[in-house]
Amino acid sequence: MSAIRLGDDIDDYCVKCKRMTNHSILSLVDSEPAKVRCRTCYNEGPYRRGEIPPSKKDLKKAALFNEVLSAIPGATPEAEDKDKKPK
């Protein structure tokens, strides 16, 4: 397999199209794609390696869950890790 070059096609997740599409490589950092352009909608963005970013709704749920946990004394993840450590 040959090395990746500028302008090559690569599959990645497009946040505008909301699906996996062909992208053109716009920039490389250490021989890895850094910035890509969707060949369907021409949206430019960072190379996501095909990972779908979490939705805003999921991020809000996680923030609310962490807020509720922080209000309960002794329910933080750090406190659970301390309880498991042998003394």
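Residues numbered from 1 in each chain as written. Predicted model: local features only at pLDDT ≥ 70, side-chain atom pairs only at ≥ 80, totals over all residues. Heavy atoms only, no water.

A. A look at the confidence of the model for the protein. On average, residues of the protein score 83 in pLDDT, and 83% of them are at 70 or above. Per-element confidence in the protein ranges from a low mean pLDDT of 52 for helix α2 (residues 77–84) to a high of 93 for strand β3 (residues 32–38). (pLDDT = per-residue confidence, 0-100. Helix = DSSP H or I, 4+ residues; strand = E, 2+ residues; numbered from the N terminus.)

B. Highlighting unusual backbone geometry. At Y42, a position not held by glycine, the phi torsion is positive, near 65 degrees. A relative accessible area of 60% places Y42 in the exposed class. Positive phi, normally seen in glycine, also occurs at R49, with a value near 60 degrees. Its place among the elements puts R49 in the loop between β4 (44–46) and α1 (56–71). (Buried < 20%, exposed > 50% of the residue type's maximum accessible area, 1.4 Å probe, protein only.)

C. Spatial organisation of the pairing of β3. Pairing of strand β2 (residues 19–29) with β3 involves 6 bridges; the strand directions are antiparallel. Bridge pairing in β3 places S24 opposite R37. Of the strand pairs in this sheet, β3 and β4 are connected by 3 bridges, and their pairing is antiparallel. Each bridged residue has a counterpart across the sheet, and for K35 the counterpart in β4 is P46. In this structure, the hairpin formed by β3 and β4 is closed by a connection of 5 residues, where Y42 is found at a positive phi of approximately 65 degrees. (Pairing = 2+ DSSP bridges.)

D. Representation of the pairing of β2 within the structure. Alignment of strand β1 (residues 9–14) against β2, held across 6 bridges, turns out to be antiparallel. Of the residues in β2, the one forming a bridge with C14 is R19. Two successive antiparallel strands, β1 and β2, enclose a turn made up of 4 residues, where K18 displays a positive phi of approximately 60 degrees. Adjacent in sequence and paired antiparallel, β2 and β3 are bridged by 2 residues, among which D30 carries a positive phi angle near 55 degrees.

E. Structural view of the sheet that holds β4. On the basis of which strands lie adjacent, the open sheet formed by 4 strands has the order β1-β2-β3-β4 and antiparallel pairing. The open sheet has two free edges, formed respectively by β1 and β4, since each of these has just one partner strand. Averaged over all adjacent pairs, the angle separating strand axes in this sheet is 45 degrees, with direction ignored. (Axes fitted to C-alpha atoms, helices over the stretch in contact; angles between N-to-C directions.)

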